[in-house]
Amino acid sequence: MIIANVQASCGCTTPDWTKTPVLPGKTGIVKAVYSSAGRPGIFNKTVTVTSNAATPSEVLTIKGNVLNKDQMKSSLTPAQLAQSPRMVLDRAVHDFGKFEAGQTPSAKFTVKNTGKQDLVLSAILSQCYCVGYKNVPSPIKPGQSAVIELVYGQRKLGAQQEQVTITSNDLSGDAKVTLKANVVKDLNAGSMVKESDSSVPFK
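Keep in mind the model is a prediction, meaning the values are calculated, not measured.

All right, on to the state of the cysteines then. Across all of its chains, the model carries two disulfides by this definition. Each sulfur in the disulfide pair C10 and C12 lies 2.1 Å from the other. Its torsion about the S-S bond being -65°, the disulfide of C10 and C12 is classed as left-handed. The class for C10 is partly exposed, based on a relative accessible area of 22%. The side chain of C128 participates in a disulfide bridge whose partner is C130; the two sulfur atoms lie 1.9 Å from each other. The sign of the -80° torsion about the S-S bond sets the C128-C130 disulfide as left-handed. By relative accessible area, which is 25% here, C128 ends up partly exposed. Overall, the relative accessible area of 12% leaves C130 in the buried class. Taken in sequence order, the bonded cysteines of the chain link in the pattern 1-2, 3-4.

This part is about the layout of surface pockets. Put simply, the largest pocket is a space of about 730 Å³. Lining of the largest pocket is provided by 24 residues; of these, S36, A37, V66, L67 and S122 occupy positions nearest its centre. When residues of the lining of the largest pocket are traced back to their parent elements, those giving at least two are β3 (30-34), β5 (57-66), α1 (69-75), β9 (121-126) and β12 (158-168). Taken together, the residues of the lining of the largest pocket break down into eleven nonpolar, ten polar and three charged.

With that out of the way, let us pick up the pairing of strand β8 (residues 106-113). Burial of the side chains of β8 is restricted to one face: A107, F109, V111 and N113 are buried, whereas none of S106, K108, T110 and K112 on the reverse face is. Of the strand pairs in this sheet, strand β6 (residues 87-89) and β8 are connected by three bridges, and their pairing is antiparallel. Bridge pairing in β8 places L89 opposite V111. The pairing of β8 with strand β11 (residues 145-152) spans seven bridges and is antiparallel. Note that in β11 the partner of V111 across the bridge is A146.

Criteria and cut-off values
- Residues numbered from 1 in each chain as written.
- Predicted model: local features only at pLDDT ≥ 70, side-chain atom pairs only at ≥ 80, totals over all residues.
- Heavy atoms only, no water.
- Disulfide = S-S within 2.5 Å.
- Buried < 20%, exposed > 50% of the residue type's maximum accessible area, 1.4 Å probe, protein only.
- 1 Å grid on protein atoms, 1.4 Å probe; cavity = no way out; pocket = protein on both sides within 12 Å on 5 of 7 lines; lining within 4 Å.
- Points joined across faces, edges and corners; volume = space filled by probe spheres on them.
- Helix = DSSP H or I, 4+ residues; strand = E, 2+ residues; numbered from the N terminus.
- Nonpolar A, V, L, I, M, F, W, Y, C, P; charged D, E, K, R; others polar.
- Pairing = 2+ DSSP bridges.

Below, the structure is given as structure tokens:
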């Protein structure tokens, strides 16, 4: 059997499938990943699988109910909450200082999991939609630490302060950090001033 294509009903679902022919008696996979970020509530999505089988088109359905942290906490017992991962950041603020518009500086944060299960970091939320992971972080084992790197692609000029929420499977809540920066058009312009007929670096 050859799976020719797998088409999701919306952009929020990313399909993957076995690209090589599935031999008689063997097994292939069709995987559908649903992105729940910013989509609370009940969902019902379809994935259409096209192949050279006797039935050339099959429709698969994935459905569920996306709860926020407060809804999850209210439905769990204290014992279940105690088993949750716990995200602890080494600091809550990072100041990039001055940089040119168009640059994308990055900031490294150390994340420790003080909980009982693997900590899985997920979406980064910000008003500017200009903050993201440099690399997708791997799950962090209980008692372990890892370094994550946030990339800041701010294009507005002037002093900036961005509240950023790092979401995860920590049921106690999401982590919040503040990114600060002074975005300038050109770092070289105006960097030299005349003082007593001699050029000195601008201070």
